[in-house]
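Residues per chain, in single letters:
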Amino acid sequence: MTQYQNILVVIDPDQDDQPALRRAVYLNQRLGGKITAFLAIYDLSYELTTALASEERESMRQEMIQQRTEWLRYQARTYLEAGVQITLKVIWHNRQQDAIFQEIDIGAYDLVLKMAHQYDRLESVIFTPTDWQLLRKSPCPVWMVKDQPWPDNATAVVAVNLVSDDEQHDALNRKLVRETQALAEHVNHTEVRLVGAYPITPVNLAIELPDFDAQSYSDAVRGQHLLAMKELRQPFSIDSGNTYVEQGEPEEVIPELAAKLNAGVVVLGTFGRTGFSAAFLGNTAEQVIDHLRCDLLVMRPDEINT
């Protein structure tokens, strides 16, 4: 298991409550290690102040960095006073996502946490362009934290690709289950559930083939997915009652099951080659993510590097 001993928390500069930092401390109290609270700031007006010498502009930047560092220290004060090992890092950079990736490269982090904002009416989460870049390209796992309390009796739901000819997908499935089980054991003994979706019978087959038996076809596909789920779950001693295989589009099935199972976090896999085009469920993964109402943890295969 990746022990998540070195966690990077991307701080939201526009609000005082920091759910990602709170979640990181929650993990730290159970796993140990250290946390870096990271904030990239920029003010274009400082760069356009041509009347000032470069040394004066640099002095203004450093003063602003110091101010935001003190603001960040205030946000983390309760945790710091409790002895949680948190490093505060504020840098001047005009592109937040580039700053984050630079920090990931130099910091050798095990996990990145960032807050995802929430639709008040629908309870689903919304992602910024920076969020999407992190999810697609981060070399280490990314945990998007929803800005609401962790639900009571929450589960960890692992969404898997059950039928694939690609060994990389199978290896990624095993990694998702292995990592989630280990994390759940250390973090409050959270129950792990495995979920998968299988496709609806194509209507055109029934139209083009008069003798086509749609029900038999559907049963065969479901059987194939159930066997694949059994093969996946057995080495991890997961009971069949904790696995779910449902018919339908993944972007509908997975969020619905996550809500039904009271998921605190949904764990997905991605290869991140071109967006999510090579992800665990192909190009549907972004749609799956868009419909979730809980935290999201995205992992990549061990052999995939940026």
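What this report covers is the structure whose coordinates are included nearby.

In the case of a regular strand, side chains alternate between the two sheet surfaces. Counting buried positions along strand E12 (residues 295–299) yields five of five residues, so the element is predominantly enclosed. Of the pairings in the sheet, the one linking strand E6 (residues 142–146) to E12 comprises three bridges and is antiparallel in character. By the bridge assignment, Trp 143 is partnered in E12 with Leu 297. Here five bridges tie strand E10 (residues 263–269) to E12, and the two strands are oriented parallel to one another.

So, on to the nonpolar core. Membership of the largest hydrophobic core comes to 54 residues, with the highest contact counts inside it found for Ile 7, Leu 27, Ile 35, Ile 86, Leu 113 and Trp 143. The leading source of residues in this core is helix H1 (residues 19–31), at six residues. When residues no more than four places from it in sequence are discounted, the contact partners of Ile 35 are Ile 7, Val 9, Leu 21, Ala 24, Val 25, Asn 28, Val 84, Gln 85, Ile 86 and Thr 87. Counting 37 residues, the second-largest nonpolar core is a separate cluster that includes Leu 8, Ala 263, Ile 289 and Leu 296.

Note: α-helices contain 3.6 residues per turn, so residues at a spacing of three or four share the same orientation. Between its terminal C-alpha atoms helix H3 (residues 54–75) stretches 31 Å, which fits the 32 Å expected from 22 residues at 1.5 Å a residue. Those residues of H3 that fall on the buried side of the exposure criterion are Arg 57, Arg 61, Met 64, Ile 65, Thr 69, Trp 71, Leu 72 and Gln 75. Viewed along the axis of H3, the buried residues span an arc of 160 degrees, placing them on a single side of the element.

Going through the model one piece at a time under the given rule, you end up with nine salt bridges. For Arg 61, the salt bridge goes to Glu 58, with nearest N and O atoms at 2.6 Å. Taken together, the residues span about one helical turn, with Arg 61 and Glu 58 both in helix H3 at a distance of three residues. Glu 58 gets classed as partly exposed once you look at its relative accessible area, which sits at 34%. A salt bridge links Asp 131 to Lys 114; the shortest N-O distance between them is 2.7 Å. Residue Asp 131 is found in helix H6 (residues 129–137), and its partner Lys 114 is found in strand E4 (residues 111–118); the two are separated by 17 residues along the sequence. The exposure class of Asp 131 is buried, given its relative accessible area of 0%.

Criteria and cut-off values
Counting restarts for each chain: residues are numbered from 1 in the order of the written sequence. Note on the predicted model: pLDDT of at least 70 is required for a residue's local features to be given, and 80 or more for side-chain atom pairs to be given and counted; whole-chain, interface and lining totals, by contrast, use all residues. Heavy atoms from the whole structure form the basis of all side-chain values; hydrogens and water molecules are not counted. Remark: exposure states derive from per-residue accessible area (1.4 Å probe, protein chains only) relative to the maximum for the residue type, with buried under 20%, exposed over 50%, and partly exposed in between. Think of it this way: any DSSP run of H or I at least four residues long counts as a helix, any run of E at least two long counts as a strand, and we number them from the N terminus. At least two DSSP bridges between two strands are needed for those strands to be called paired. Grouping buried Ala, Val, Leu, Ile, Met, Phe, Trp, Tyr and Cys residues that are joined through side-chain atoms within 4.5 Å yields what is termed a nonpolar core. By definition in these notes, contact holds between two residues if any of their heavy atoms fall within 4.5 Å. Each helix should span, by expectation, one fewer than its residue count multiplied by 1.5 Å. In this context, the arc is that of the directions from the helix axis out to the C-beta atoms. The working definition used for a salt bridge is a side-chain nitrogen of Lys or Arg within 4 Å of a carboxyl oxygen of Asp or Glu.

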